[in-house]
Amino acid sequence: MASTISCKYNIIYKLGSKKWIGFKFYMKYVDIENLDTLPGRRLGEGDTFSFHCYPGIACFNRCCRNLNLFLYPYDVIRLKNRLEISSDQFLDKHADVMLRPSNFFPEVLLRMSEDKERTCPFLNESGCSVYPDRPDTCRTFPVEQGVLYNAETKKTELVHFFRPPDFCLGQHENKVWTTQSWSQDQEAVLYNKMTVRWSELKSLFQTDPWGSQGPEGPEGKMAFMATYNIDRFRDFLFNSTFLKRYKVKSALLKKIRTDDVELMKFGFEWVKFYVWGLKTRYLKLR
Ligand code: SF4
Ligand code: SF4
């Protein structure tokens, strides 16, 4: 697991668990036995909830303040492309990278403005300025997603809870949804897929692969780069000894040269191989 390039996290905070409270859910691994003790109403396939949000509702945009908004790798790609900046610039300017106690991979949160209300930096007078590329969590809200990990099949699945905060008046409206119809309406289907893909890799980090160097060591930084800092990863891949050490099919190489999402998927597979020694069809050691 030798690395020849250095890369950075922006900031690493260690947070006490009591600070991990927010209106919007983060990707949380739950034990099947504890599912019914989680807050909110669990929504199974076909279960319905009532909700409608529209400009003019009295609470409009109140939910875009004072949040811990977790970003996943696909969110970062969509947002940095929307803002026409590199992933490096995005992470520097808009993200806080934090290490949760008893987890071995950092979390990425959208950095809120420093005003009294901790307003989302993308909120303006007419609403969300990045709406077509808003993060997965914002799309799914007020439904919250959790990730259920099946240790036997090593597969993850999304679980859903209807959990609007009290101030959210949309819950008193009459439009009826299932999680599926809500996801389609919010154009969240692809986002949800990418979140599940990420959660499959992230679930591995419930155990410590880093040993004495810890998650902030060089290998941890490489893994962070390959998942969250996609433009820097591309630079590393094509301008280091990477391709002398790994064999990657030329058709795939062609794709990942320009396609961020394909590169993100490749990065996930590389991390599985590099950190966990898991075989992948994406690459081989030379
Ligand atoms: S109805 Fe709920 S989701 Fe819509 S603006 Fe109000 S608080 Fe936010
Ligand atoms: S990204 Fe948009 S929808 Fe999400 S919190 Fe910010 S302003 Fe609100």
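Residues numbered from 1 in each chain as written. Chains lettered and ligands numbered in written order. Predicted model: local features only at pLDDT ≥ 70, side-chain atom pairs only at ≥ 80, totals over all residues.

**With respect to the overall build of the chain**
Then comes step 1: Scanning the chain from terminus to terminus reveals ten helices and 14 strands.
Then comes step 2: Buried residues in the chain amount to 34% of all 286 residues.
Then comes step 3: Taking contacts inside the chain between residues at least 6 apart in sequence as the whole, the part at least 24 apart equals 76%. (Helix = DSSP H or I, 4+ residues; strand = E, 2+ residues; numbered from the N terminus. Buried ≥ 20, exposed ≤ 12 C-beta atoms within 10 Å, placed from the backbone. Contact = placed C-beta atoms within 7 Å.)

**Some details on the site of ligand 1**
Then comes step 1: Every residue close to ligand 1 is listed here: Cys53, Ile57, Cys59, Phe60, Asn61, Arg62, Cys63, Pro142, Cys168, Leu169 and Gly170.
Then comes step 2: Residue composition of the shell around ligand 1, by class: eight nonpolar, two polar and one charged. (Near = placed C-beta within 6 Å. Nonpolar A, V, L, I, M, F, W, Y, C, P; charged D, E, K, R; others polar.)

**Brief notes about the environment of Gly267**
Then comes step 1: Structurally, Gly267 can be placed in helix H10 (residues 260-276).
Then comes step 2: Judged by the 25 C-beta atoms lying within 10 Å of it, Gly267 falls in the buried class.
Then comes step 3: A sequence separation of 33 residues divides Gly267 from Arg234, and the C-alpha atoms of the two residues are 9.4 Å apart.
Then comes step 4: If sequence neighbours within four positions are ignored, Gly267 has contacts with Ala226, Thr227, Ile230 and Phe233.

**Structural notes on the site of ligand 2**
Then comes step 1: Lining the immediate surroundings of ligand 2 are Cys64, Leu69, Cys120, Phe122, Leu123, Cys128, Val130, Arg134, Pro135 and Cys138.
Then comes step 2: The residue inventory of the shell around ligand 2, partitioned by class, reads nine nonpolar, no polar and one charged.

**A short note on the confidence of the model for the chain**
Then comes step 1: With 84% of its residues at a pLDDT of at least 70, the chain reaches an overall mean of 85.
Then comes step 2: Taken together, the stretch residues 1-30 has pLDDT below 50 and engages in 72 contacts with residues farther than four places along the chain or on a different chain. (pLDDT = per-residue confidence, 0-100.)

**Focus: the packing of helix H6 (residues 218-228) against H10**
Then comes step 1: Contact geometry for H6 and H10: axes closest at 8 Å, N-to-C directions at 160°. What the angle tells us is that H6 and H10 run roughly antiparallel. H6 and H10 meet at a crossing whose hand is left-handed. When H6 is examined against H10, the residues Glu219, Ala223, Ala226 and Thr227 are found in contact with a partner set consisting of Gly267, Phe268, Trp270, Val271 and Val275.
Then comes step 2: Residue composition of the contact of H6 with H10, by class: six nonpolar, two polar and one charged. (Axes fitted to C-alpha atoms, helices over the stretch in contact; angles between N-to-C directions. Parallel < 35°, antiparallel > 145°, perpendicular 65-115°, else oblique. Left-handed = near helix turned anticlockwise from the far one by under 90°.)

**Focus: the pairing of strand E7 (residues 107-110)**
Then comes step 1: Going residue by residue along E7, you find Glu107 and Leu109 tucked away on one face and Val108 and Leu110 tucked away on the opposite face as well.
Then comes step 2: By the bridge criterion, two bridges tie strand E5 (residues 70-71) to E7 in an arrangement that is antiparallel. The partner of Leu71 across the bridge, within E7, is Val108.
Then comes step 3: Summarising the sheet, strand E6 (residues 95-99) and E7 pair through four bridges and their orientation is antiparallel. Counterpart to Met98 in the pairing with E7 is Glu107. (Pairing = 2+ DSSP bridges.)

**Quick look at the packing of helix H1 (residues 73-82) against H10**
Then comes step 1: At a minimum axis distance of 11 Å, the contact between H1 and H10 shows a crossing angle of 155°. With respect to H10, the element H1 is oriented roughly antiparallel. Two packed elements cross with a definite hand, and for H1 against H10 that hand is right-handed. Contact residues: H1 offers Pro73, Tyr74, Ile77 and Asn81, while H10 offers Asp260, Val261 and Met264.
Then comes step 2: Along the lines of polarity and charge, the residues of the contact of H1 with H10 split into five nonpolar, one polar and one charged.

**Brief notes about the nonpolar core**
Then comes step 1: One finds Leu71, Ala95, Leu109, Leu110, Ala226 and Val271 to be the most contacted residues of the largest nonpolar core, which totals 53 residues.
Then comes step 2: When residues of this core are assigned to their parent elements, the largest contribution, eight residues, is made by H10.
Then comes step 3: Two domains each donate at least three residues to this core, and these are domain 1 (4-204) and domain 2 (209-285). (Core = buried A, V, L, I, M, F, W, Y, C linked by C-beta atoms within 7 Å. Domains from an automatic or database assignment.)

**Remarks on the environment of Gly127**
Then comes step 1: Within the fold, Gly127 resides in strand E9 (residues 127-128).
Then comes step 2: In sequence terms Gly127 and Asn61 are 66 residues apart; their C-alpha atoms lie 6.7 Å from each other.
Then comes step 3: Once residues within four sequence positions are removed from consideration, Gly127 is found in contact with Pro55 and Asn61.

**As for H1**
Then comes step 1: Taken across its ten residues, H1 has eight buried, putting it largely inside the fold.
Then comes step 2: Listed in full, the buried residues belonging to H1 are Pro73, Tyr74, Asp75, Val76, Ile77, Arg78, Leu79 and Lys80.
Then comes step 3: Positive backbone phi, at 55°, marks Glu84, one or two positions downstream of H1.

**A short note on unusual backbone geometry**
Then comes step 1: The omega torsion of the bond from Phe141 to Pro142 falls at 10°, within 30 degrees of zero and hence cis.
Then comes step 2: Within the secondary structure, Pro142 sits in the loop between helix H3 (136-140) and strand E10 (143-150).
Then comes step 3: A positive phi angle, near 70°, is found at Asn61, a position not held by glycine.
Then comes step 4: Examined against the element boundaries, Asn61 turns out to sit in the loop between strand E4 (48-50) and E5.
Then comes step 5: Unusually for a residue other than glycine, Asn66 sits at a positive phi of about 50°.
Then comes step 6: Its place among the elements puts Asn66 in the loop between E4 and E5.
Then comes step 7: In this structure Asn66 comes out as partly exposed when scored by C-beta crowding, with 14 C-beta atoms within 10 Å.

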